[in-house]
Amino acid sequence: MTDYSGIHTSVLLERSIELLGPALGRPGAVLVDCTLGLGGHSEAFLEAFPELHLVGLDRDPNALRLAGERLERFSDRTDLVHCVYDEIDEALEGLGIDEVDGVLFDLGVSSMQLDEVERGFSYSKDAPLDMRMDDTAVFTAAEIVATYSEADLRRIFRDYGEEKLADRYARFIVRARDEAPILRSGQLVDIIQAATPAKFSNSGHPAKRVFQALRIEVNAELSVLERALPKAIDALVVGGRIVVLAFQSLEDRIVKRELQRRSVSTAPAGLPVELPEHRPELKLLVRGAELADDDERARNPRSIPVRLRAAERIRRIA
């Protein structure tokens, strides 16, 4: 059996179990791990709750295969589904599951994908400009760099990378691709470094935000998340819980907005009595967004940017 402990360290694992645990104790409780990855979180939940049934979703066939090997001893309590997590409703319907007790999202690119150089996610290693989380898909970062207009490149760098030099980087990329195709991450990094003014040289790696923006665009990460969260909440039983781990501010804003929207009363201002249909659907379980503690941040540097939010469903919409 492969030892996965050195390949991937699950972030905020104990806290996730603590928050989801109260909803998972009944026999036959169902947890949906919307971002299965290598199955680190799922393995821990299956070990902690002997009567739990797990539904694991992932768009990456390689992750599903490896997670399936890792979770083989729980095969009678698991269903692994190849899909993007905004298809959670279709996945559950296909399994004949009407409602679930817990949902976990561990967002962003997985450790496995970052560590596989040929996937092209990292700006620190030269590789084909790919960045597909699902390598059966056809749309790659190289296609974006080759075909998007300067205005569209500028837009994604600004909106998805929050890049201050979006205009300049888009202009340099368009100029460079007119001379030769940009097919590898190393080429793109060289272009970005050449376009970066010296006064920005101490602001971290200049390619970081551009690579983030390209990855988000390739995988439609933000629009997928915006569609997935309402579906996941709708699938929860009353008393069911959701935990979301976000690793960048754009994701966290979407999560914050959806959880807050459904955790406040919809009663019109001035109404003397709150009617049942106006009561919140959710109760927030943590104040704001929780961070990893100092020990975990030191032990696992990939936990440094994480933002955890959690909620419990307290009312079902009629």
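Residues numbered from 1 in each chain as written. Predicted model: local features only at pLDDT ≥ 70, side-chain atom pairs only at ≥ 80, totals over all residues. Heavy atoms only, no water.

### Focus: the pattern of salt bridges
For step 1, the next point in the chain: Tallying each qualifying case throughout the model produces 27 salt bridges.
For step 2, the next point in the chain: D159 is the salt-bridge partner of R158, the closest N and O atoms lying 3.2 Å from each other.
For step 3, the next point in the chain: Taking relative accessible area as the criterion, R158 reaches 42% and is therefore assigned partly exposed.
For step 4, the next point in the chain: Owing to a relative accessible area of 34%, D159 belongs among the partly exposed residues under this scheme.
For step 5, the next point in the chain: For E312, the salt bridge goes to R241, with nearest N and O atoms at 3.1 Å. Here E312 is found in strand β7 (residues 307-313), whereas its partner R241 is found in strand β5 (residues 236-246), with 71 residues between them in sequence. The residues E312 and R241 share a single accessibility class, namely buried.
For step 6, the next point in the chain: Residues participating in the shared-partner salt-bridge network are D234, E258, R261, R262, E281 and R313. (Salt bridge = Lys/Arg side-chain N within 4 Å of Asp/Glu carboxyl O. Buried < 20%, exposed > 50% of the residue type's maximum accessible area, 1.4 Å probe, protein only. Helix = DSSP H or I, 4+ residues; strand = E, 2+ residues; numbered from the N terminus.)

### Regarding the UniProt feature "binding site: S-adenosyl-L-methionine" (unreviewed entry) in the protein
For step 1, the next point in the chain: Under the feature "binding site: S-adenosyl-L-methionine" (unreviewed entry), the UniProt entry names G39, G40, H41, D58, Y85, D106 and Q113.
For step 2, the next point in the chain: When you line up the elements, D58 lands in strand β2 (residues 53-58).
For step 3, the next point in the chain: Its relative accessible area of 10% is what places D58 among the buried residues.
For step 4, the next point in the chain: A distance of 2.7 Å separates the side chain of D58 from the backbone nitrogen of G37, its partner in a polar contact.
For step 5, the next point in the chain: Looking at where D106 falls in the secondary structure, it is placed in strand β4 (residues 100-106). (UniProt positions renumbered as here; feature names shortened; annotations may be inferred. Polar contact = N/O pair within 3.5 Å; in protein donor to acceptor, adjacent residues only side chain to side chain.)

### A few points about the side chain of R309
For step 1, the next point in the chain: Position of R309 among the secondary structure elements: in strand β7.
For step 2, the next point in the chain: Within the local environment of R309, its side chain forms a polar contact with the side chain of D252, the two groups lying 2.7 Å apart.
For step 3, the next point in the chain: Excluding anything up to four places from it in sequence, R309 contacts I242, V243, V244, D252, V255, K256, L259, V286, G288 and A289. (Contact = heavy atoms within 4.5 Å.)

### Some words on the packing of aromatic side chains
For step 1, the next point in the chain: In this structure the tally under the stated criterion is four aromatic pairs.
For step 2, the next point in the chain: Between Y85 and F105, the aromatic rings sit 5.3 Å apart at their centres with planes inclined by 85 degrees, giving edge-to-face as the arrangement. Taken together, the residues span a long stretch of sequence, with Y85 in the loop between β3 (78-82) and α4 (88-94) and F105 in strand β4 at a distance of 20 residues. (Phe/Tyr/Trp six-rings, centres within 6.5 Å; stacked < 30°, edge-to-face > 60°.)

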